[in-house]
Protein chains: 2
Amino acid sequence: MSRPQRRFEDWLREHGLRVTHARVVVLEHAFRNFRHFEINELVESLERHRAGVSRATVYRTLPHLVRAGLLRRHDVGIRQTFYEPEYGRKHHEHMVCVRCGKILEFVDDEIERLQEEICQRHRFEPLSHTLQIQGVCRRCQTTAAAPGGPDPPALRRLGADGP
Amino acid sequence: MSRPQRRFEDWLREHGLRVTHARVVVLEHAFRNFRHFEINELVESLERHRAGVSRATVYRTLPHLVRAGLLRRHDVGIRQTFYEPEYGRKHHEHMVCVRCGKILEFVDDEIERLQEEICQRHRFEPLSHTLQIQGVCRRCQTTAAAPGGPDPPALRRLGADGP
DNA sequence: ATTCGTGCAAACCATTTGCAACCAC
DNA sequence: GTGGTTGCAAATGGTTTGCACGAAT
């Protein structure tokens, strides 16, 4: 049994929830197949593998995994909400390319420290945070148009102009 | 004519778009009545004032205002997407209380600087960024339950546990 | 045996869109 | 005049939910 699975099962029991087949399968899939995923990608992966777990259950399970500290949830405008396995990974932030949608990760301890400082100053108790930089990745800067064609709806909605 | 309005009209013309009554009214309303607003709040405000601008037009206008640099758009999980007037305000970030939904602002030049440094290092061209800290505001820390009742759906979805 | 969890399909709700009338240029 | 804009209502699409059945304790 994998480490995250162990932790999830413990967390479920501690919270008076049941350790069900479906919940374990969702966890396994998320951790085995993805680094970043949108819900639909996970659902389709489960369907392809004939996992026998419904979309509804996925939607009901993900918040538990977030609360258990095993997944992190991210909301931007440019992509749909996405999740990423968090267990055992160093905390990091994201740069999202508005052209191709690629996600780059970065770490900065100093920024983390400054955030804590700010929270203390405001007596604000931090639970989580999101730092995302939207922009154009190195590769897309040298490309005239977007690889996926010009301006998908999400980009227009966000108001992301070309440079 | 207000400064932001001037700027919007110029921007529209520069982009070959028309300066219509509806567009101007949306801008005025957003700037006159709100510091932070969700789309529905703006729509309802327009309806109350019998502004005669439809919801569809609001949805079509907001992205223009973002592109014109007059509004900033924010996506979290805890609240619906919200916008805020940006013109003439110092750049700032947000702390969002997961209990009462209140939004606190803060500024930190050092964090801004570090972000630029990181982008340079990765040859990533930044267009905008989002830094949000989700947590419990000072007032809600001393309150047993949430002022608005316990755990609205959005909080559960996000996976926001109490402390 | 009891109670919680699941699948299914319908419901929801924010956002987008097709289209005919309208208005800025 | 005419092509971009708007309002309306219908469509869309991600997410939630009611309910009866199945599974974990």
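1. Thoughts on the interface of chain B and chain A
Here is step 1 of the chain: Opposite the 47 residues of chain B that make contact, chain A presents 47 residues.
Here is step 2 of the chain: In this assembly, chain B packs against chain A so that about 4400 Å² is buried in total across both faces, 59% of it on carbon and sulfur atoms.
Here is step 3 of the chain: Scanning the region where chain B abuts chain A turns up 0 salt bridges.
Here is step 4 of the chain: Across the chain B-chain A interface, the total number found is 10 residue pairs in polar contact (both at pLDDT 80 or more).
Here is step 5 of the chain: Breaking the side of chain B that touches chain A down by element, the ones donating at least two residues are α4 (55-67), β4 (93-97), β5 (103-106), α5 (109-122), β6 (125-136), α6 (138-141) and α7 (153-158) of chain B.
Here is step 6 of the chain: Here the residues of the side of chain B that touches chain A sort into 23 nonpolar, 11 polar and 13 charged.
Here is step 7 of the chain: Taken together, the 11 bridges between strand β6 (residues 125-136) of chain A and β6(B) define a ladder with antiparallel strand orientation. Pairing of A:Pro126 across the sheet is with B:Gly135, part of β6(B).

2. Quick word on the side chain of B:Glu38
Residues and elements named next belong to chain B.
Here is step 1 of the chain: Mapping Glu38 onto the fold places it in strand β1 (residues 37-38).
Here is step 2 of the chain: Among the polar contacts listed, one links the side chain of Glu38 to the side chain of Arg79, at a separation of 3.2 Å.
Here is step 3 of the chain: Once you skip the residues sitting within four places of it in the chain, Glu38 turns out to touch Arg79, Gln80, Thr81 and Phe82.

3. Let's talk about the protein's contact with DNA strand D
Here is step 1 of the chain: What surrounds DNA strand D is a group of 19 residues, the closest being A:Tyr59, B:Arg18, B:Ser54, B:Thr57 and B:Arg157.
Here is step 2 of the chain: The sugar-phosphate backbone supplies 65% of the atoms of DNA strand D found within 4 Å of the protein.
Here is step 3 of the chain: Separating a phosphate oxygen of DNA strand D from a backbone N or O atom of A:Val19 is a distance of 3.4 Å.
Here is step 4 of the chain: Within the contact set of DNA strand D, a base nitrogen lies 2.7 Å away from a side-chain nitrogen or oxygen of B:Arg60.
Here is step 5 of the chain: Listing elements by their share of the surface near DNA strand D, those giving two or more residues are α4 (55-67) of chain A together with α2 (21-33) and α4 of chain B.
Here is step 6 of the chain: Here the surface near DNA strand D is composed, by residue class, of 8 nonpolar, 5 polar and 6 charged.

4. Considerations on the domain arrangement of chain A
Residue and element names in this part refer to chain A.
Here is step 1 of the chain: One can read the domain layout of chain A as domain 1 (1-89) and domain 2 (92-163).
Here is step 2 of the chain: Each of domain 1 and domain 2 has a C-alpha centre, and the two are 23 Å apart.
Here is step 3 of the chain: The partner domain 2 presents 15 residues to the 12 residues of domain 1 that form the contact.
Here is step 4 of the chain: When domain 1 packs against domain 2, the two sides together hide about 1200 Å² of surface, and 53% of this comes from carbon and sulfur.
Here is step 5 of the chain: Considering only the surface of domain 1 that becomes buried against domain 2, Arg72, Ile78 and Arg79 emerge as the three largest contributors, covering 45% of it.
Here is step 6 of the chain: Here domain 1 and domain 2 share 3 salt bridges between them.
Here is step 7 of the chain: In this structure, Glu105 and Arg89 form a salt bridge, with 2.7 Å as the shortest nitrogen-oxygen distance.
Here is step 8 of the chain: Elements represented by at least two residues in the side of domain 1 that touches domain 2 include exactly β2 (71-74) and β3 (82-85).

5. Some points on the pairing of strand β5 (residues 103-106) of chain A
Here is step 1 of the chain: Relative to β5(A), strand β4 (residues 93-97) of chain A runs antiparallel, the two being bridged by 4 bridges. By the bridge assignment for β5(A), A:Met95 is matched with A:Leu104.

6. Topic: the relation of the copies chain B and chain A
Here is step 1 of the chain: After a rotation of 180 degrees and a shift along the axis of 0.0 Å, chain B superposes on chain A with an RMSD of 0.1 Å. Accordingly, the operation relating the two chain copies is best matched by a two-fold axis. Proximity to the rotation axis, assessed at the C-alpha, singles out B:Leu131 in chain B; its C-alpha lies 2.2 Å from the axis.

7. Structural notes on helix α1 (residues 3-14) of chain A
Residue and element names in this part refer to chain A.
Here is step 1 of the chain: For α1, which comprises 12 residues, the first-to-last C-alpha distance of 17 Å matches the rise-based estimate of 16 Å (1.5 Å per residue) to within 8%.
Here is step 2 of the chain: Within the sequence span of α1, burial applies to Pro4, Gln5, Phe8, Glu9, Trp11 and Leu12. Take α1 and look down its axis: the buried residues cluster within an arc of 160 degrees, on one side only. In α1, the exposed residues that point more than 90 degrees away from the buried face are Arg3, Arg13 and Glu14.
Here is step 3 of the chain: Residues of α1 that are buried sit in contact with α2 (21-33) and α4.
Here is step 4 of the chain: Two residues or fewer past α1, Gly16 is found with a positive phi of approximately 70 degrees.

Cut-off values and rules
- Residues numbered from 1 in each chain as written.
- Chains lettered and ligands numbered in written order.
- Predicted model: local features only at pLDDT ≥ 70, side-chain atom pairs only at ≥ 80, totals over all residues.
- Heavy atoms only, no water.
- Contact = heavy atoms within 4.5 Å.
- Buried area = accessible area lost by both parts, 1.4 Å probe.
- Salt bridge = Lys/Arg side-chain N within 4 Å of Asp/Glu carboxyl O.
- Polar contact = N/O pair within 3.5 Å; in protein donor to acceptor, adjacent residues only side chain to side chain.
- Helix = DSSP H or I, 4+ residues; strand = E, 2+ residues; numbered from the N terminus.
- Nonpolar A, V, L, I, M, F, W, Y, C, P; charged D, E, K, R; others polar.
- Pairing = 2+ DSSP bridges.
- Near = heavy atom within 4 Å.
- Domains from an automatic or database assignment.
- Least-squares fit on C-alpha atoms with pLDDT ≥ 70 in both.
- Expected span 1.5 Å × (residues − 1).
- Buried < 20%, exposed > 50% of the residue type's maximum accessible area, 1.4 Å probe, protein only.
- Arc of directions from axis to C-beta.

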